[in-house]
Amino acid sequence: MSATISGFSKLSKSKKIDWIVETYFSNKEEAKKIIKQYWNTNLSLQNLHDEFIENTITNYYLPFGVAPNFSINGKMHTIPMAIEESSVVAAASKSAKFWLARGGFKTQVISTTKIGQVHFMYAGDFKTLENFFNAVKKQLIADAKPITKNMEKRGGGILDIVLKNKSKAISGYYQLHATFETQDAMGANFINSCLEQFAKTFKAEAEKQLQETIEIVMSILSNYVPDCLVRAEVSCQLEDLPKDDFNAEKFVQAVAIAEVEPYRAVTHNKGIMNGIDAVVLATGNDFRAVEAGVHAYASRNGSYSSLTHAKIENGVFHFWMEIPLALGTVGGLTNLHPLVKLALELLHQPSAKELMQIVAVAGLAQNFAALRSLTTTGIQEGHMKMHLMNILNQMEATEKEKETLVNYFKTNTVTHSAVVKAFNDLRKKNN
Ligand code: MEV
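All chains use their own residue numbering, which begins from 1 and follows the written sequence. Totals for whole chains, interfaces and linings use all residues, but because this is a predicted model, local features are given only for residues with pLDDT of at least 70 and pairs of side-chain atoms are given and counted only at 80 or more. With hydrogens and water excluded, all non-hydrogen atoms of the structure serve as input to the side-chain values.

## Focus: the overall build of the protein
Condition: Here a helix means four or more residues in a row that DSSP labels H or I, a strand means two or more in a row labelled E, and each is numbered from the N terminus. In this scheme, a residue with accessible area under 20% of its type's maximum is buried, one over 50% is exposed, and one in between is partly exposed, where area comes from a 1.4 Å probe on protein chains only. Any two residues having at least one pair of non-hydrogen atoms within 4.5 Å are treated as being in contact. When charges are counted, Lys and Arg are positive and Asp and Glu negative, with His and the chain ends excluded. To locate a charge, take NZ of a lysine, CZ of an arginine, CG of an aspartate or CD of a glutamate.
Scanning the protein from terminus to terminus reveals 15 helices and 10 strands. Residue burial in the protein is summarised as follows: out of 431 residues, 45% are buried. Sequence-distant contacts, at least 24 apart, represent 71% of the contacts inside the protein between residues at least 6 apart. Mean positive and mean negative side-chain charge positions of the protein (46 and 43 charges, respectively) differ by 3 Å.

## Some details on the sheet that holds strand β5 (residues 157-165)
Rules: Pairs of strands are assigned from DSSP output, requiring at least two bridges between the strands. Think of each axis as a best-fit line through the C-alpha atoms, taken over the contacting stretch in the case of a helix, with angles from 0 to 180 degrees between the N-to-C directions.
Judged by pairing direction, the sheet is antiparallel, and its four strands sit side by side in the order β5-β6-β4-β7 without closing on themselves. Looking at which strands have only one partner, the edges of the open sheet turn out to be β5 and β7 (214-222). Strand-to-strand twist in this sheet, taken as the mean axis angle between neighbours without regard to direction, amounts to 20 degrees. Here eight bridges tie strand β4 (residues 114-122) to strand β6 (residues 173-181), and the two strands are oriented antiparallel to one another. Paired with Phe120 across the strands is Tyr174, a residue of β6. Lying on the sheet, helix α5 (residues 126-143) is in contact with β4, β5, β6 and β7; it crosses β5 at an angle near 170 degrees.

## What to know about the environment of Glu84
Within the secondary structure, Glu84 is located in the loop between β2 (75-82) and α4 (88-100). Judged by its relative accessible area of 57%, Glu84 falls in the exposed class. Sequence separation between Glu84 and Lys15 is 69 residues, and the spatial gap between their C-alpha atoms is 31 Å.

## Regarding the packing of aromatic side chains
Heads up, the rule is: Paired rings are identified among Phe, Tyr and Trp, the last through its six-membered ring, by centres lying within 6.5 Å, and are further divided according to the angle between planes into stacked (under 30 degrees), edge-to-face (over 60) and tilted (the rest). Geometrically, a charge over a ring is one whose NZ (Lys) or CZ (Arg) sits within 6 Å of the ring centre while staying within 35 degrees of the ring normal.
Enumeration according to the criterion identifies 24 aromatic pairs in this entry. Seen from their ring centres, Trp99 and Phe368 are 5.3 Å apart, and the 70 degrees between their planes marks the pair as edge-to-face. Of the two residues, Trp99 sits in helix α4 while Phe368 sits in helix α12 (residues 352-374), which places them 269 residues apart along the sequence. Given the relative accessible area of 0%, Trp99 is considered buried. Here the aromatic cluster, defined as three or more aromatic residues joined through ring pairs, consists of Phe98, Trp99, Phe246, Phe251, Phe317, Phe319 and Phe368. Over the aromatic face of Trp39 sits the side chain of Lys13, whose NZ or CZ is 4.6 Å from the ring centroid. Positioned above the aromatic ring of Phe287 is the side chain of Arg288, whose terminal nitrogen or guanidinium carbon lies 4.6 Å from the ring centre.

## Describing the pattern of salt bridges
For the record, the criterion: Basic side-chain nitrogens of Lys or Arg form a salt bridge, by our definition, when they fall within 4 Å of a carboxyl oxygen of Asp or Glu.
Going through the model one piece at a time under the given rule, you end up with 17 salt bridges. Measuring nitrogen to oxygen at the nearest pair gives 2.9 Å for the salt bridge that ties Lys145 to Glu152. In this structure Lys145 comes out as partly exposed when scored by relative accessible area, which is 38%. Here the salt bridges do not stand alone but share partners, grouping Arg231, Glu233 and Glu322 into one network.

## Focus on the state of the cysteines
Note on terminology: disulfide describes a covalent bond linking the sulfur atoms of two cysteines. Test applied: We call a pair of cysteine sulfur atoms a disulfide whenever their separation is within 2.5 Å.
Overall, the coordinates contain zero disulfides when judged by the stated rule. Looking at the unpaired Cys194, the closest cysteine sulfur is the one in Cys228, lying at 16 Å. According to the relative accessible area criterion, Cys194 is buried, its value standing at 0%.

## Thoughts on the site of the ligand
To keep it simple, the criterion reads: Near, as used in this document, describes a residue that has one of its heavy atoms within 4 Å of the molecule or strand being considered. As used in this structure description, the phrase polar contact means that two N or O atoms lie within 3.5 Å; if the pair is within protein, one of them must be able to donate a hydrogen and the other to accept it, and residues adjacent in sequence are counted only when both atoms belong to side chains. Only the protein chains shown count as cover for residues, and all accessible areas are computed by the Shrake-Rupley method using a 1.4 Å probe. The nonpolar class holds Ala, Val, Leu, Ile, Met, Phe, Trp, Tyr, Cys and Pro. Asp, Glu, Lys and Arg form the charged class, and all remaining residues, Gly among them, are polar.
Looking at the ligand, the residues that line it are Glu85, Arg264, Thr267, His268, Lys270, Gly271, Asn274, Ala370, Leu374 and Ile379. Contact distances for the ligand include 2.6 Å between an oxygen atom and a side-chain N or O atom of Glu85. Here an oxygen atom of the ligand and a side-chain polar atom of Lys270 are 2.7 Å apart. When the ligand sits alone it has 300 Å² of accessible area, and the protein chains cover 85% of it. Of all the secondary-structure elements, those providing two or more residues to the shell around the ligand are α9 (262-282) and α12. A total of six residues in the shell around the ligand trace back to one element, the largest contributor, which is α9. A class-by-class count of the residues in the shell around the ligand yields three nonpolar, four polar and three charged.

## Focus: the side chain of Thr375
Within the secondary structure, Thr375 is located in the loop between α12 and α13 (380-394). With relative accessibility at 12%, the residue Thr375 sits in the buried group. Among the polar contacts made by the side chain of Thr375, one reaches the main-chain carbonyl oxygen of Leu371 at a distance of 2.6 Å. Other than its neighbours up to four places away in sequence, Thr375 contacts Asn247, Lys250, Phe251 and Ala254.

## Things to note about unusual backbone geometry
At Asn69, a residue that is not glycine, the phi angle is positive and equals roughly 70 degrees. You can see Asn69 is positioned in strand β1 (residues 64-72). Residues other than glycine seldom take positive phi values, yet Glu396 does so here, at roughly 55 degrees. By the secondary structure assignment, Glu396 is in the loop between α13 and α14 (399-408).

## With respect to the pairing of β1
Both β1 and β2 contribute to a ladder of seven bridges, which runs antiparallel. Among the inter-strand pairings, Gly65 is bridged to a residue of β2, identified as Met81. Hairpin geometry of β1 and β2 is characterised by an intervening segment of two residues between the two adjacent antiparallel strands and by a positive phi of about 50 degrees at Asn73.

## Points about the domain arrangement of the protein
For interface size, the figure often reported is the accessible area lost on association. Here is the rule we go by: For the purposes of this description, domain bounds are those given by an automatic or database domain assignment.
Taken domain by domain, the protein consists of domain 1 (8-50), domain 2 (64-111 + 226-377), domain 3 (114-221) and domain 4 (382-430). Just the C-alpha atoms count here: the centres of domain 1 and domain 4 sit 34 Å apart.

## What to know about the sheet that holds strand β8 (residues 229-237)
Pairing is antiparallel in the open sheet, where four strands are placed in the order β3-β8-β10-β9. Two strands bound the open sheet, and with one partner strand each, they are β3 (106-109) and β9 (308-313). Taking each pair of neighbouring strands and ignoring which way they run, the sheet shows an average axis angle of 15 degrees. Judged from the four bridges that link them, β3 and β8 form a sheet pairing that is antiparallel. Bridge pairing links Gln108 to Arg231 in β8. Contacts from helix α10 (residues 287-298) reach β8 and β10 (316-324), with the element oriented near 120 degrees to β10. In the packing of α12 onto the sheet, contacts are made with β3, β8, β9 and β10, and the angle to β10 comes to roughly 130 degrees.

Here it is in structure tokens:
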């Protein structure tokens, strides 16, 4: 069969599967079996998932785990996490317990402003454009009223629109730079609808009032949200830190290295995103938007740097992070995906502000666990213990064999080859 097809999206699900199986797989029956193995027998649930995207052929599972014992501003939370990496939930739980005994996590939402831009080209004089913008600004907001009415009832809406002159960067390039408050919604649809309305009004009025025409290039929200910021922190007396498996000075040095060294900062921040993405995903939020915004923020001073900071001052260990997070707890998947609804109920139906704080804590906790291991035992000890189960599953070990080998590796170093050897030895012995 040809690897090119037209009208694919119009085929039924089973015809789509037939086509890909015929075109790409040598063992066609096996491929079909795997695809169908992940279908849900509850047809309405399966339909719901099918309709999230186009051309769905099956479901892609990720483990949905929980990390209990998080004290955040004195309130207890069990945090839901959807992630495939074996050590992440265990690390989060360990950090939660550690800080529960030392006052818990403290958080604060610093700001919640979101941004959108209408990018346009204009060949005329800037002063004329500026006067026109100032005259039409009220109308831009008024024409968007049908879109903003409900959001305003919830305390949100358009905060401001300013005209930005970008013509030094690209000749004739200007922006309507708008700021928004979207309350409990992530706000992408709301912001984009407002921006498209601004563009319409702006262009139409320009045609009536200006000599030079305006060419709208695009209208879109920005996922860079440096003014939608949350802070999470922990602190305790140095003497309250364990002596054997914690080294506060080295911990602070490790953070300082990530502050100045981009190669380390990227991995350091990746560890933070292990915690953040897992909660963002479990709560039905857009992890790509969060990732893009967070990494841009990490480079805001011109060099990619650590998102977390640490210091020891007057005998107190401090560890904190400020991070931009545009999240929603209404709209989008939050009303649709049963597991997302469950995750939000588990989190006491948080507002978007509360979710920002929970997500930031998951990131800080994850970084704490990583740096604690890295500066003491090294990361592999814990990682490989968690990885042991993956290797045993890959080799199709029985429950009895897993039990024996997990016991064996309590006192032996886990490496891939050591696990394979121990597994083969055990099989030989038992056969
Ligand atoms: C692994 O997923 C994350 C770490 O590499 C983070 C770090 O190095 O800080 C352990």
